[in-house]
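Overview (structure and organization)
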Amino acid sequence: MLASLSRQCARPTGCQLVSVYLWVKTAHIIAVIAWMAGLFYLPRLFVYHTDTDAGSKQASVFKTMEQRLYRIIMWPAMVATWLTGAGLVWILWKSGIRYEAWAWVKFGAVVLMSALHFRLGRHVSEFGADRSRYSSRYFRLINEAPTVLMILIVVMVVLKPF
């Protein structure tokens, strides 16, 4: 994709577009890393939180950690990921990305990642109200979903298998 953008450097605004693309891509990668860190860590907090007694000081600490992670780190990172991703698609649209199957598979995986994000938010609310009904085993299993989706996304972006 960058090669098709680089050919535009022959035009006066072409190099500016390449520069914008690289800055947006950089911001996108940073946002994705922050979002993924939260998606990996929050279910692990839930595993430990499940093993505490409701109303205990330790449970209160977990509630604070979970809420802050979700609202202060994960939400802004997810929004930044979507906005910068949309910016990349907008820049690359004319280069034919809309016809690439790998891009649609990646988009589907990001939608699933977002659905997981919202599901984790529901669990934050349930723990906050001391009404979580899931076991630590459930949270150990759900903790694997971001890894599987991340692998799928990276394979699509780097290898572009189809």
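You'll find the structure just up there.
Calculation criteria
- Residues numbered from 1 in each chain as written.
- Predicted model: local features only at pLDDT ≥ 70, side-chain atom pairs only at ≥ 80, totals over all residues.
- Heavy atoms only, no water.
- Core = buried A, V, L, I, M, F, W, Y, C linked by side-chain atoms within 4.5 Å.
- Buried < 20%, exposed > 50% of the residue type's maximum accessible area, 1.4 Å probe, protein only.
- Helix = DSSP H or I, 4+ residues; strand = E, 2+ residues; numbered from the N terminus.
- Contact = heavy atoms within 4.5 Å.
- Expected span 1.5 Å × (residues − 1).
- Bend = angle between axes of the 7 residues up to and from the residue.
- Phe/Tyr/Trp six-rings, centres within 6.5 Å; stacked < 30°, edge-to-face > 60°.
- Lys NZ or Arg CZ within 6 Å of the ring centre and 35° of its normal.

1. Comments concerning the nonpolar core
L39, L42, F46, M74, M113, L120 and F139 are the most contacted members of the largest nonpolar core, which has 25 residues in total. At the level of secondary structure, the elements contributing two or more residues to this core comprise α2 (14-50), α3 (57-92), α4 (101-128), α5 (136-142) and α6 (145-159). Non-local contacts of L39, meaning those with residues more than four positions away in its chain, are made with M74, M113, L116, H117, L120, N143 and P146. Among the nonpolar cores identified, the runner-up in size contains 8 residues, and I91, L92, I97 and M156 belong to it.

2. Topic: unusual backbone geometry
Within the chain, D130 stands out as a residue other than glycine whose phi angle is a positive 55°. For D130, the position within the fold is in the loop between α4 and α5. Here D130 falls in the partly exposed class, since its relative accessible area comes to 41%. Here the phi dihedral of K160 falls at roughly 45°; this positive angle occurs in a residue that is not glycine. Assignment of secondary structure puts K160 in the segment after α6. Relative accessible area serves as the criterion here: at 36%, K160 is assigned to the partly exposed category.

3. Details of the environment of P161
Inspection of the secondary structure puts P161 in the segment after α6. Here P161 falls in the partly exposed class, since its relative accessible area comes to 45%. Taking C-alpha positions, P161 is 10.0 Å from E100, a pair spaced 61 residues apart along the chain. When near neighbours in sequence (up to four residues on either side) are disregarded, P161 contacts W102, V155 and M156.

4. Quick notes on α3
End to end, α3 covers 51 Å across 36 residues, agreeing with the expected 52 Å (1.5 Å per residue, within 8%). Along α3, the sharpest kink reaches roughly 35°, centred on M74 and followed within four residues by the proline P76.

5. Overview of the packing of aromatic side chains
Evaluation of the coordinates by the stated rule reveals 10 aromatic pairs. A centroid spacing of 5.9 Å and a plane angle of 85° characterise the contact between W82 and F107, whose relative ring orientation is edge-to-face. Note that W82 is positioned in helix α3 and F107 in helix α4, a separation of 25 residues in sequence. Overall, the relative accessible area of 31% leaves W82 in the partly exposed class. Aromatic rings pair up to connect F46, F127, Y134, Y138 and F139 into one cluster. K160 extends its terminal NZ or CZ atom over the ring of W102, reaching a point 4.6 Å from the ring centre.

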